[in-house]
Amino acid sequence: GALLVPDPVDHMAKREVLQLCRIDDPRLVSTLQGATWNFPAAKRGRAALECFVAGAGFRLSLCDRWMNPSDDTVADFACVSTPIEKGDLGADGKWTTLEVVWDVDAAKAEVRVGGRTVRTLPCRNGDFAPWGISYLHLQTLAGEMDPNGSYFASLSMSKSK
């Protein structure tokens, strides 16, 4: 379900991007597919994703611990978790920058598209994430097979003071 594929938007680009979809593959433990990225822990920070949704969308979760990318309880244990669908990104079929900015101590996170806040979310704090957030989890939202999925061209993270 998490595959490197040629860039589906820019066919002339000589790069591969991550496609996250839901496929029926007997070699997989679960059809709930995802990807996990680890970065330096931060109580305040920003993660940016260059992405677009071609299918059902994806769940973006920020955690203070590693969890299996196909674990269906990630949202329950995440500091921040939100679904992202086509309509959330605005530019259908085009690469869009999605940002999530968090502050564990303030117990708040913002989801931004094109620099504009589109969603404010609670961020679990206190003993839940004493050193901050250090994992980004992406999981397909598809309840059934979704060969189109979502695409990710780049990920970046920065700490805030």
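Residues numbered from 1 in each chain as written. Predicted model: local features only at pLDDT ≥ 70, side-chain atom pairs only at ≥ 80, totals over all residues. Heavy atoms only, no water.

Engineer: How should I be thinking about the pattern of salt bridges in this particular structure?
Structural biologist: A side chain with one charge may pair with a side chain of the opposite charge, provided their charged atoms come close. Under the defined criterion, the tally for this structure stands at 10 salt bridges. Ionic pairing is found between Arg-15 and Glu-50, a salt bridge with its closest N-O pair at 4.0 Å. Note that Arg-15 is positioned in the loop between β1 (2-6) and β2 (16-22) and Glu-50 in strand β4 (residues 44-53), a separation of 35 residues in sequence. Two residues, Arg-44 and Asp-103, come together in a salt bridge whose shortest N-O distance is 3.4 Å. Of the two residues, Arg-44 is situated in strand β4 and Asp-103 in strand β7 (residues 96-103); the sequence distance between them amounts to 59 residues. Because the salt bridges share partners, they merge into one network encompassing Asp-7, Arg-15 and Glu-50. (Salt bridge = Lys/Arg side-chain N within 4 Å of Asp/Glu carboxyl O. Helix = DSSP H or I, 4+ residues; strand = E, 2+ residues; numbered from the N terminus.)

Engineer: Please explain the packing of aromatic side chains as it appears in this structure.
Structural biologist: Each pair of aromatic rings is reported with the distance of its centres and the angle of its planes. Scanning all chains against the criterion turns up five aromatic pairs. Their ring planes at 15° and their centres at 4.9 Å tell us that Phe-52 and Tyr-151 sit as a pair that is stacked. In this pair, Phe-52 is assigned in strand β4 and Tyr-151 in strand β11 (residues 146-159), connecting sequence segments 99 residues apart. Each member of the pair Phe-52 and Tyr-151 is classed as buried. Ring geometry for Phe-58 versus Phe-152: centroids 4.9 Å apart, planes at 75°, classification edge-to-face. Of this pair, Phe-58 sits in strand β5 (residues 58-63) while Phe-152 sits in strand β11, and the two are 94 residues apart along the sequence. A relative accessible area of 0% means that Phe-58 is categorised as buried. Here the aromatic cluster, defined as three or more aromatic residues joined through ring pairs, consists of Trp-37, Phe-39 and Trp-102. Over the face of the ring belonging to Trp-95 we find Arg-15, whose NZ or CZ atom lies 5.3 Å from the ring centre. (Phe/Tyr/Trp six-rings, centres within 6.5 Å; stacked < 30°, edge-to-face > 60°. Buried < 20%, exposed > 50% of the residue type's maximum accessible area, 1.4 Å probe, protein only. Lys NZ or Arg CZ within 6 Å of the ring centre and 35° of its normal.)

Engineer: Which parts of the structure should I look at to understand unusual backbone geometry?
Structural biologist: For residues other than glycine, phi is negative in most cases, and the peptide bonds are mostly trans. At Ala-107, a position not held by glycine, the phi torsion is positive, near 60°. Among the structural elements, Ala-107 can be located in the loop between β7 and β8 (108-113).

Engineer: Hey, could you run me through the sheet that holds β4 in this one?
Structural biologist: Strand pairing in a sheet relies on backbone hydrogen bonds, with the paired strands running either antiparallel or parallel. Strand order in the open sheet made by the seven strands is β1-β2-β11-β4-β7-β8-β9, with antiparallel pairing throughout. Of all strands in the sheet, those bounded by a partner on one side alone are β1 and β9 (116-122). The sheet shows a mean angle of 30° between the axes of neighbouring strands, direction not considered. (Pairing = 2+ DSSP bridges. Axes fitted to C-alpha atoms, helices over the stretch in contact; angles between N-to-C directions.)

Engineer: It is not clear to me how the nonpolar core should be interpreted in this structure. Could you clarify?
Structural biologist: Note on soluble globular proteins: their nonpolar side chains tend to be buried together. By size, the foremost hydrophobic cluster in this structure holds 30 residues, and its most contacted members are Phe-58, Leu-60, Leu-98 and Trp-102. It is β4 that provides the largest number of residues to this core, a total of four residues. (Core = buried A, V, L, I, M, F, W, Y, C linked by side-chain atoms within 4.5 Å.)

Purely geometric numbers; function is a separate question.
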